[in-house]
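# Summary of structural features
These are the residues of each chain, in order.
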Amino acid sequence: MGKAAAVGTAVVVCAAVGTAVVLSRRRRRRDAELLGAAEAERKKKVAAVIEDVERTLATPTALLRGISDALVVEMERGLRGDSHSQLKMLISYVDNLPTGDEHGLFYALDLGGTNFRVLRVQLGGREKRVAKQQYQEVSIPPHLMVGTSLELFDFIASVLAKFVETEGDEFHLPVGRQRELGFTFSFPVNQLSISSGTLIKWTKGFSINGAVGEDVVAELSKAMERQGLDMKVSALVNDTVGTLAGGRYMDNDVVAAIILGTGTNAAYVEHANAIPKWTGLLPKSGNMVINTEWGSFKSDKLPLSEYDKALDFESLNPGEQIYEKLISGMYLGEIVRRILLKLAHDAALFGDVVPAKLEMPFVLR
């Protein structure tokens, strides 16, 4: 090959390489522009979902006042005994709260959700207050939450019996005295006395056969007998009433208590003569603790988003416990999951593939 031909070939090769480089750069630029446009579109979709969440879940002061007014109307209807009231406004039969002077050994059982607690406490009066206390927390196996009443209460009684066996010398039960148990039962109950009440309905994911309409104290007492446990249930209280009693034990000015846990509820001290449905003699104290059961409150004032509506529709009790489903621990994780799933589907928040776990209801506790 002559010198001229070699130079010509080199020029052609250089030109081809240069053209390839230019085309490659253009292709990369075009790809980058497409990626940039796709990313901008993704961010736009994310922003749209988040903006919708912020709008539908917003609770400005004016809305909260409207909810408060609607809640008061339902509370008054419940105190009158109106069968159509959304709030049960249950009479607790607790007309006296702790003073701080109490003495002795007492046990407590708190069944309020997916866990339950057993506790013993030695009270030493105003000087020593809570001299000694011990407790144990136990998770309820999921199958017992949808099983039978017998299985649930036998499981609870067996745990309680084992706990009593660990009672040490620092706890003193007077000779000849039976152990006493305060039973905190955090589900709607039609209280019949200070130590008896029938279950109205299950909430918080429980759906147990053969318990609704039954005396829960009798069910627990029979389970304790089967365990050979010599213990008497002295008081049946809702967890909110128990929280109110605990608050009053520490501060005599406490008049109300609110639960924000697995579920939600509130209790307060009402003047007994302001309860139209009260039919017995007025208590000497003139007061009565009312268990509102406000988790069942619903109103067109409540801001229900598409996520809240879908959760309610697919729940074990659609149309019930609406207020509870909006704000309590049982459901908040599930609402977050549904929002994340919307972002995953509509805006590829986690890439092209939606994580399989995100499709599982209640995976976020």
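Just so you know, these numbers come straight off a predicted model, no measurement behind them. (Residues numbered from 1 in each chain as written. Predicted model: local features only at pLDDT ≥ 70, side-chain atom pairs only at ≥ 80, totals over all residues. Heavy atoms only, no water.)

## Points about the nonpolar core
Within the largest apolar cluster, 39 residues are counted, with the highest numbers of intra-cluster contacts made by F116, L181, F183, F185, W202, L220 and M224. The leading source of residues in this core is helix α4 (residues 149-165), at 9 residues. In this view, L220 contacts L109, F153, I156, L181, F183 and V233; residues no more than four positions away in its chain are not counted. A70, L87, A266 and Y268 belong to the second-largest nonpolar core, a separate cluster that totals 20 residues. (Core = buried A, V, L, I, M, F, W, Y, C linked by side-chain atoms within 4.5 Å. Buried < 20%, exposed > 50% of the residue type's maximum accessible area, 1.4 Å probe, protein only. Helix = DSSP H or I, 4+ residues; strand = E, 2+ residues; numbered from the N terminus. Contact = heavy atoms within 4.5 Å.)

## Re the packing of α4 against helix α5 (residues 216-226)
At a minimum axis separation of 8 Å, α4 and α5 run at an interaxial angle of 60 degrees. As far as their axial angle goes, α5 and α4 are oblique. Taken as a pair, α4 and α5 cross one another with a handedness that is right-handed. Taking contact as the criterion, the partners of S149, L150, F153, D154, I156, A157 and L160 in α4 are, on α5, V216, E219, L220, A223, M224 and R226. (Axes fitted to C-alpha atoms, helices over the stretch in contact; angles between N-to-C directions. Parallel < 35°, antiparallel > 145°, perpendicular 65-115°, else oblique. Left-handed = near helix turned anticlockwise from the far one by under 90°.)

## Observations concerning the UniProt feature "domain: Hexokinase N-terminal" (unreviewed entry) in the protein
Here, UniProt's "domain: Hexokinase N-terminal" (unreviewed entry) annotation points to residues 50-249. Helix and strand shares over residues 50-249 are 35% and 27% respectively, and the end C-alpha atoms of the span are 45 Å apart. (UniProt positions renumbered as here; feature names shortened; annotations may be inferred.)

## Overview of unusual backbone geometry
In most cases, non-glycine residues show a negative phi, while peptide bonds are predominantly trans. Positive phi, normally seen in glycine, also occurs at E293, with a value near 55 degrees. Residue class for E293 comes out buried when judged on its relative accessible area of 8%. For A348, which is not a glycine, the phi torsion comes out positive at approximately 50 degrees. By secondary structure assignment, the location of A348 is in the segment after α9 (329-347). A relative accessible area of 25% places A348 in the partly exposed class.

## A closer look at the sheet that holds strand β1 (residues 90-91)
Strand order in the open sheet formed by 4 strands is β1-β11-β10-β9, and the pairing between neighbours is antiparallel. With one partner strand each, in any of the chains shown, β1 and β9 (256-260) form the two edges of the open sheet. As judged from the 5 bridges shared by β9 and strand β10 (residues 264-271), these two strands associate in the antiparallel manner. What sits directly across from I258, in β10, is A266. (Pairing = 2+ DSSP bridges.)

## Focus on the pattern of salt bridges
This model, assessed by the stated rule, comprises 17 salt bridges. A salt bridge links D110 to R117, with the shortest nitrogen-to-oxygen separation between them at 2.9 Å. Its relative accessible area of 19% is what places D110 among the buried residues. Measuring nitrogen to oxygen at the nearest pair gives 2.7 Å for the salt bridge that ties D312 to K325. You can see D312 sitting in helix α7 (residues 306-313) and its partner K325 sitting in helix α8 (residues 322-327), a full 13 residues away along the chain. Residue D312 is classed as buried on the basis of its relative accessible area, which comes to 15%. Given the relative accessible area of 4%, K325 is considered buried. When salt bridges that share partners are traced, they join E314, E334, R337 and R338 into one network. (Salt bridge = Lys/Arg side-chain N within 4 Å of Asp/Glu carboxyl O.)

## What about the UniProt feature "domain: Hexokinase C-terminal" (unreviewed entry) in the protein?
According to UniProt, the positions carrying the feature "domain: Hexokinase C-terminal" (unreviewed entry) are residues 256-364. Between the C-alpha atoms that bound residues 256-364 the distance is 31 Å, and the span itself is 30% helix and 17% strand.

## Let's talk about the environment of S221
Assignment of secondary structure puts S221 in helix α5. By relative accessible area, which is 22% here, S221 ends up partly exposed. Separated by 144 residues in sequence, S221 and R365 have C-alpha atoms that sit 32 Å apart.

## Considering the sheet that holds strand β2 (residues 103-111)
Reading across from one edge, β4-β3-β2-β5-β8 is the order of the 5 strands in this open sheet, with mixed pairing throughout. Of all the strands in the sheet, just β4 (130-139) and β8 (231-237) have a single pairing partner and so form its edges. Across this sheet, the average inter-strand angle for adjacent strands is 20 degrees, counted without regard to direction. Across 6 bridges, the pairing between strand β5 (residues 179-185) and β8 is parallel. Of the residues in β8, the one forming a bridge with F183 is L236. Of the strands in this sheet, β2, β3 (115-124), β4, β5 and β8 are in contact with helix α6 (residues 239-250), which crosses β8 at around 90 degrees.

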